[in-house]
Every structure is written in structure tokens, then in C-alpha cells.
Amino acid sequence: MPHKPQNKEIIVNSPNIAATFEIDFTRYLDPAGKLLKELPAEAKDPATLKSLYRGLVRARAFDTKAVALQRTGRLGTYGSSIGQEAVAVGAASAMLADDVLVPSFREHGGQLWRGATPVELFLYWGGDERGNSFAKAPHDFPNCVPVGSHALHAAGVALAIKLRKEPRAVVCIFGDGATSKGDVYEAMNLAGVWKLPVVFLVSNNQWAISVPRSAQSAAQTLAQKAIAVGIPGEQVDGNDVIAVRTVVGVALQRVRKDQGPCVIEAITYRLGDHTTSDDASRYRKDTEVTPHWQEEPIKRLQQYLTTAGSWTKADEDKLLKEINEEIEAAAAAFLATAPQEPSVMFDYTYAQLPADLAAQKQAVLSSLSANLSQAAE
Amino acid sequence: MSETTMVQAVSLALARAMTEDERVIVLGEDVGVDGGVFRATDGLFTRFGADRVRDTPLSEMGIGGISIGLAAGGFKPVAEIQFSGFIFPLIDQINNHASRFRNRTRGRLQCPMVVRAPCGGGIHAPEHHSESPEAMFANIPGLRVIVPSSPRRAYGLLLAAIRGSDPVVFLEPTKLYRGAREEMLDDGKDLPVDRCFVLREGRDVTLVAWGAMVPEALKTAAEWEAKGVSAEVIDVATLKPLDAETIINSVKKTGRCVIVHEAPLTGGFGGEIAARVAEGAFSSLLAPIERVTGYDTIMPLLKLENVYLPNAARIGKAVDRAMAYA
């Protein structure tokens, strides 16, 4: 884990100072689940911690099932969030229902927390647009695959919220690689100038496919990119779900009071491949990965809860059974979902189907019905 | 009634749209106090305030992306891109997001937004200020691409673009901002954004053009009338989605087709129209389809721009070639 940067001391020693900054780092639980300082008031209730634990376990169960479905040819390419579940779950747990989550594509835990169903997420990754319907999270944006381009959407929807003077907030999550992109900078800069109600959460999992964090930016921290646009930036232990929830929660309180946006860099680690199409052994050694298994978020919280006397083997068994049943049922429902009518690809292209497209749609319908009658013969 | 220039018509449409729908937000570089570098947003800042007429940082990709978030969040942004060569950073946002939001969320989120940008040459502007990128945008499904050719059509088409629910790229020919003027009413009437306009009826040849090439085509038609050639002139106006039917029906009648655009020849939208005409009016064609376009060169700086740009004389030569087939 990175240490708090020394920038302040270095700059303060300089004879001519134009500006100074420091980047805070927050952590409550060490990798072994030992409490390092008093829990914040919002996290003292064991019920809260147990619900966070449930969110993490549910995310991992979903990831595990999704990878299994992909490996057996029943899901498309899939990006697992294994090891970094606490970032999205922690953030989502700090949000309110009317807030807006603008995710990248590895935030399943947060999406599930906010009401997207496992069936919807399976549908999306299985190649069906209906998976982005998010019936129970109607404000949330769909996944964003072009890395970092959604940071601007977060700023835009935050502007919409601000113009309507609503007490809502936006959380945008992207990875370490995204912080190298111009659109992310433009989003942070616009948000700073217009004091928009948005929290930019960097899920720094140390790898952008094969490019390590050290090759991504010469900046000492990614959080300090906030400083350049005049908004606060800080780090949090992204494998400590309590810390993520607390730091994002404080940021959201500021945002709701119209005190401006911020950048939070959550330090985590991608334990798995980039996606099911990736083979991380091509570019990183197991010896690098192995120690990070000692820092992962689920075991950490489980150990804390167990030591605190809030969690038993029976609790664990009951939770796993319940979640596995939910995910298995969702997978079955996904597999049993009838495919969309092929011609639906035309129907949402424009508000109303233009004549030109109507002709193309008709051609598809005719060729399908021709195929059907051929098959019937 | 006094005459209105095209840039004034754009301002009138923006003011009208902002008056009738408080969700309409104008944003861009220097669109506020300055009223836009071409003055298309002149007076809006004073009338509607800084919340709704927003100067952005110098951030073209940002303007595109933030408009998407605003639109998905319930507003109707009308973004201005300052000069034609500065629109290219938006292609990512428009192609990957604005045009897809409705489809990929099965209608849950939409992007009713308009990106206005100047286009084309002919005003001796600096480098990167005279581009004609319409074909690049016309290749994007889910987008409407509109190029007005007169004050009245700029007004009516822009109003329709803003009132609609689809993302629109609205390209305004700089040459016509002050070069085109006519009497018109600020009557709030919009024009269809899925139709071509037949501006002049004729029997012998169909001239198909858009933007600043429309006045050139009309000029050719008037001059060639004296030579006994009756030319029909179609302003395509909305390139995407294309009203191919109007063009095909015209060529079925005239048997000849000359397509005119400023953008380079290869991959230009004229190729698409030529293919549609070949498919839809093949048996009526009396002559090969002609294209009069910019060359496959870099848009020249101002000293040579008039060599590059098609004009009435070049269009006339194409008409002569087509008419040589009896």
C-alpha cells in the first residue's frame, strides 16, 4: 500500500511557494482485519457492516458465476471485479436511491447494491441490451466501455441536477488507466469550474490490461490530479469497504451541500485477468499477485467481524447459501430468457423509425420469415 | 419586412426554443457575453442568463460529453462548436454515446441534444476553419445530420432539431451566415428533419446539393435555363436519415443527376446518393451520375480555397456533360 506522499514537506521547505498540497490516505482495517482507529459513527452498527459484507460476497458470487457461464459458452467476454469489490460496494452503500451511479464496466457489486438485478447484468454480459434497463435503478447509467469517456456524462448529469437545485449527487467510477485520458481531465476541470455535485472515484487496481500503474502516469498519486483542477483529492484503502464507504459518504455530504466535487483514489488490486479474453500471466508473475490475496476486501472484513464477535460460521454458511441460491436462480432465469426479436435492433435507433430504416427493418423481417418457411419445408 | 441573415435566423430559433422550453440550455466556447464568434448566440446571455447560456472551458470533448449527461439528465442541450475543424474530438462522444444511449438502454435514457457547428469554406478563414465533415457524421446510426442552406431553413430545421428527441449534428455553412439573407417570420414553425426540399422544378437534370452548394446549384439552374436546360434543384438539408425517395423520384423524371458537395470526393456523401439513385432510378438514367465536389486534397488555405470549392461554373460543366447524353 502506498504511503502518504511527502509533497507538503518538500514544498514547504522551498523558499518560494506558489501552492502546496497533501493527499490524505484513509484506512480503518488493516489487511488482517485489525481495527486501526475508531470506526466512524455510521459504521459502528454491526448490521451496517454485515450488510456491507453481504454486498461484497454477493458481488463475488456474481463474478464467479459469470466467469463460469462465460467459460461454458453461455456469456460473452466478461470483466470480473474479483479483489476490488469494496470500491463499488463501498461507494454504492454511501449513495442514496435518487443519486446517479455512472460506472465503468467492473462495478457489478455497486450496481447490484443499487438495485440492478443479477438477471439484468447477466443479460447485458450475455449480449442482450435489455440488461441495461435497470428497472430498480432507473437513474443509473449503463456500463461504459470506452475508458473514461463517461466521466463527462457524470459531469453533465451533475449539471442537470445542479440546475434543478436537487439534493442529489453523482458518483462516477473509473480505473487508473482512465486518469491518463483527456476526457477525464476535461470532466474534472468542468466539474471544478462549475462546482458540480459529482464524486470521481478512481478504482486504482494497478493494471490497465497489461500496463501497470507505474507506466500509466509519473504522478505520485492519481488523487493529486484533482489538485490541478482545483478540487480536493484524497486516497482511500480500496480494499477496506468501511473506509471507502466513509470517505465517499463524507464527499457526498459535501456535494449535497453544494460544496463542490472531488476525486477519491481507491487503492485496490485486480486479482483476476482483465477479462475472460485476457491471460494476465503474459505480463505479470504469480509472485506479484499472491501477496495481494492477503489484502483482499472480503477476508479482511470477515476477520474483523469474526474477531468482534459479530460473525459466526453459521452466519457465513447461511449467507453463502442464500446468495448462491439467488445467483443460481438469476442465472437460470437469464438462460431461460427468450431472445429479443431480431428486428428490435432498428426500434431504438431513432425516436421514430425513419422511412429509410423502416425499409431495412422490413428486409430483415422478410428474410427471417423466408428462413422460417424454408425451415418448415 | 427587413431581411434576416442566416446567422440571425439561427439566433432567432435558439431564442424561440429557449423561450418555449426551459430545458433548452445553450453551451459552448464564448457563447455567453461574447455571443459566439459568429454571433449566433448574440443576446441570449442577457435574455436567458448564465445558467442557460453557458460559457464552457476550452474543452470540445467536454462540450460533447457534458451535453450527453445533461440530455440523459432531462435537459435539451444545444452545444456550439466554435469552428468546423474543432468538431473532431466530439466524434468519440457522438458515435460511442449520444447516438447509442436510447438503443443500449432500450429507451430508458435518451440524448435529445443538438451540436451546432459552422462548416465549409469561402470566407477566407484560418486553417482548420473550413472543413466539411458531414459524411463522417452521416455514417453514424442514430444521429441526424442537418445542413441548412438558407435563413428560413436554418430557422425551421434548427427548431425541429431542438424540439425532437434524437441527437443532431447541425452544420451551418459559414459562407451563408451573412451571405444568405431573405425575408422571414419568427413564427415558431419548424421544418421536417427527414425530408429533402425541391427548391426548383425542372425536366432535364436533377441538381442535388446541401449547404453553401445550394445557392451555387440554383445559380447554375438559372443560368442554364437561358441555354434551354431545365434543371430541378434539391436541397438535401437532412443527410441522415436520408429522404432518398424525393431524389430518386426526381431523377426518374429528369433522367440525369448531378450531385454537389464541398467535402472531398472519396467517401463523400455524394457517393451514397449516387448509389441510391443507381439502385432506385437505374432504368430512368440517361447519363452517368455526375459528382461535383471538393478534391481529395487537404482543404487549402485561403489563397486557393476558391479553386477547391465547387461553384456554379463547375456545376454547369457537369450539367453539360450529362446533357451530352441525349
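Residues numbered from 1 in each chain as written. Chains lettered and ligands numbered in written order. Predicted model: local features only at pLDDT ≥ 70, side-chain atom pairs only at ≥ 80, totals over all residues. Heavy atoms only, no water.

K.L.:
Whenever I open this one, the packing of helix H9 (residues 213-226) of chain B against helix H13 (residues 312-323) of chain B confuses me. Can you help?
P.N.:
What describes two packed helices is the angle between their axes and the distance between those same axes. Residue and element names in this part refer to chain B. Following both chains from N to C, one finds H9 and H13 inclined at 55°, their axes separated by 8 Å at the closest point. By the angle class used here, H9 and H13 are oblique. In this structure, the crossing between H9 and H13 has a hand that is right-handed. Listed contacts from H13 to Glu-216, Ala-217, Lys-219, Thr-220 and Trp-224 of H9 are Ala-312, Ile-315, Gly-316, Lys-317, Val-319 and Asp-320. For the contact of H9 with H13, the class distribution of residues is five nonpolar, two polar and four charged. (Axes fitted to C-alpha atoms, helices over the stretch in contact; angles between N-to-C directions. Helix = DSSP H or I, 4+ residues; strand = E, 2+ residues; numbered from the N terminus. Parallel < 35°, antiparallel > 145°, perpendicular 65-115°, else oblique. Left-handed = near helix turned anticlockwise from the far one by under 90°. Contact = heavy atoms within 4.5 Å. Nonpolar A, V, L, I, M, F, W, Y, C, P; charged D, E, K, R; others polar.)

K.L.:
Explain the interface of chain A and chain B to me, please; I cannot follow it from the model alone.
P.N.:
Note on interface size: it is often stated as the accessible area lost on association of the parts. The interface of chain A with chain B comprises 44 residues on the first partner and 43 residues on the second. The junction of chain A with chain B conceals about 3,500 Å² of combined surface from both sides, 59% of it contributed by carbon and sulfur atoms. When the buried area of chain A at its contact with chain B is split by residue, Trp194(A), Tyr348(A) and Tyr350(A) rank highest and sum to 20% of it. The tally of links between chain A and chain B comes to two salt bridges. Among the ionic pairs, Arg276(B) bridges to Asp356(A), the shortest N-O distance being 2.9 Å. Mapped onto the side of chain A that touches chain B, the elements with two or more residues apiece are helix H6 (151-163) and helix H7 (182-194) of chain A. Here the element with the most residues in the side of chain A that touches chain B is H6(A); it accounts for eight residues. Considering only residue class, the side of chain A that touches chain B consists of 24 nonpolar, 12 polar and eight charged. (Buried area = accessible area lost by both parts, 1.4 Å probe. Salt bridge = Lys/Arg side-chain N within 4 Å of Asp/Glu carboxyl O.)

K.L.:
Please clarify how the packing of aromatic side chains should be interpreted in this entry.
P.N.:
Each aromatic ring pair is summarised here by two numbers: the centre-to-centre distance and the angle between the ring planes. Going through the model one piece at a time under the given rule, you end up with 14 aromatic pairs over all chains. With 5.6 Å between their ring centres and 70° between their planes, Phe141(A) and Phe101(B) make a pair best called edge-to-face. Residue Phe141(A) is located in the loop between helix H5 (118-125) and H6, and its partner Phe101(B) is located in helix H5 (residues 101-104); the two belong to separate chains. Owing to a relative accessible area of 3%, Phe141(A) belongs among the buried residues under this scheme. Judged by centre distance (6.0 Å) and plane angle (80°), the ring pair of Trp210(B) and Phe269(B) falls under edge-to-face. Of the two residues, Trp210(B) is situated in the loop between strand S10 (205-209) and H9 and Phe269(B) in helix H11 (residues 269-281); the sequence distance between them amounts to 59 residues. Pair check on accessibility: Trp210(B) and Phe269(B) agree, each one buried. One aromatic cluster in this structure is built from Phe62(A), Tyr78(A), Phe122(A), Tyr124(A), Trp125(A) and Phe334(A). Its end group placed over the ring of Tyr28(A), Lys37(A) keeps NZ or CZ at 4.9 Å from the ring centre. One residue, Arg54(B), lies across the ring of Trp194(A), its end atom 4.3 Å from the ring centre. (Phe/Tyr/Trp six-rings, centres within 6.5 Å; stacked < 30°, edge-to-face > 60°. Buried < 20%, exposed > 50% of the residue type's maximum accessible area, 1.4 Å probe, protein only. Lys NZ or Arg CZ within 6 Å of the ring centre and 35° of its normal.)

K.L.:
Sorry if this is basic, but what is going on with the pattern of salt bridges here?
P.N.:
A side chain with one charge can pair with a side chain of the opposite charge if their charged atoms come near. Under the defined criterion, the tally for this structure stands at 39 salt bridges over all chains. The salt bridge involving Arg39(B) is made with Asp34(B); its shortest N-O contact spans 3.7 Å. Across the pair Asp51(B) and Arg54(B) runs a salt bridge, and its minimum N-O distance is 3.8 Å. What emerges from the salt-bridge pattern is a single network uniting Arg27(A), Asp237(A) and Arg300(A).

K.L.:
Is there a simple way to explain the sheet that holds strand S6 (residues 144-146) of chain B in this structure?
P.N.:
By definition, the strands of a sheet pair up through backbone hydrogen bonds, in either a parallel or an antiparallel sense. Residue and element names in this part refer to chain B. Taken in spatial order, the seven strands of this open sheet run S3-S2-S4-S5-S7-S6-S12, and their pairing is mixed. The open sheet is flanked by strand S3 (53-55) and strand S12 (238-240), the only strands paired with a single partner. Taken over all neighbouring pairs, the strand axes of this sheet differ in orientation by 20° on average, direction set aside. Strand direction decides the pairing type here: strand S4 (residues 76-80) and strand S5 (residues 114-119), joined by three bridges, are parallel. Bridged to Ala-79 within S5 is Val-115. (Pairing = 2+ DSSP bridges.)

K.L.:
Quick question: what am I supposed to make of the pairing of strand S13 (residues 257-264) of chain B here?
P.N.:
On a regular strand, each side chain points to the face opposite its neighbour's, so the side chains alternate between the two faces of the sheet. Residue and element names in this part refer to chain B. In terms of burial, S13 is largely enclosed, as seven of its eight residues are buried. When S10 meets S13, the two strands line up parallel, connected through four bridges. In the strand pairing of S13, Leu-207 is matched with Val-258. Of the strand pairs in this sheet, S13 and strand S14 (residues 290-294) are connected by five bridges, and their pairing is parallel. What sits directly across from Ile-259, in S14, is Arg-291. A crossover links S13 with its parallel partner S14, the connecting element being H11, and its sense is right-handed. (Right-handed = clockwise from strand over helix to strand, strands pointing away.)

K.L.:
Would you mind showing me how to read the packing of H6(A) against helix H3 (residues 60-72) of chain B here?
P.N.:
Where H6(A) meets H3(B), the closest approach of the two axes is 6 Å, and the angle between their N-to-C directions is 55°. Taken together, the axes of H6(A) and H3(B) are oblique relative to one another. Crossing geometry of H6(A) relative to H3(B) is assigned as right-handed. The residues of H3(B) that touch H6(A), namely those facing Leu152(A), His153(A), Ala155(A), Gly156(A), Val157(A), Leu159(A), Ala160(A) and Leu163(A), are Met61(B), Gly62(B), Gly65(B), Ile66(B), Ile68(B), Gly69(B) and Leu70(B). A breakdown of the residues in the contact of H6(A) with H3(B) according to their chemical character gives 10 nonpolar, five polar and no charged.

K.L.:
Just checking my understanding: could you explain the domain arrangement of chain B for this structure?
P.N.:
All names here are of chain B. Structurally, chain B comprises domain 1 (3-183) and domain 2 (197-323). With centres defined by C-alpha atoms, the gap from domain 1 to domain 2 works out at 26 Å. Contacts between the two partners involve 28 residues from domain 1 and, on the opposite side, 26 residues from domain 2. For the pair domain 1 and domain 2, the summed buried area comes to about 2,000 Å², and 59% of that belongs to carbon and sulfur atoms. One can count two salt bridges joining domain 1 with domain 2. Glu-216 is the partner of Lys-175 in a salt bridge, and the nearest nitrogen-oxygen pair spans 3.8 Å. Mapped by element, the contributors of at least two residues to the side of domain 1 that touches domain 2 are helix H6 (134-138), S6, helix H7 (151-163) and helix H8 (174-179). Residue composition of the side of domain 1 that touches domain 2, grouped by class: 14 nonpolar, eight polar and six charged. (Domains from an automatic or database assignment.)

K.L.:
Would you mind going over empty space enclosed by the protein with me for this structure?
P.N.:
Where empty space is left in the structure can be found by rolling a water-sized probe over the atoms. All names here are of chain B. Summed over all chains, the structure comprises three cavities of 30 Å³ or more. The computed volume of the largest cavity comes to approximately 80 Å³. Forming the walls of the largest cavity are Cys-119, Gly-120, Ser-132, Glu-134, Val-147, Trp-210, Gly-211, Ala-212, Met-213, His-261 and Glu-262. A per-class count over the lining of the largest cavity returns five nonpolar, four polar and two charged. Counting residues domain by domain, the lining of the largest cavity receives three or more from each of domain 1 (3-183) and domain 2 (197-323). Here the second largest cavity defines a volume of roughly 40 Å³. (1 Å grid on protein atoms, 1.4 Å probe; cavity = no way out; pocket = protein on both sides within 12 Å on 5 of 7 lines; lining within 4 Å. Points joined across faces, edges and corners; volume = space filled by probe spheres on them.)

K.L.:
Honestly, the domain arrangement of chain A in this entry has me stumped. Any pointers?
P.N.:
The domain boundaries assigned to chain A delineate domain 1 (7-336) and domain 2 (345-376). Look at where the C-alpha atoms of domain 1 of chain A and domain 2 of chain A centre, and you get two points 40 Å apart.

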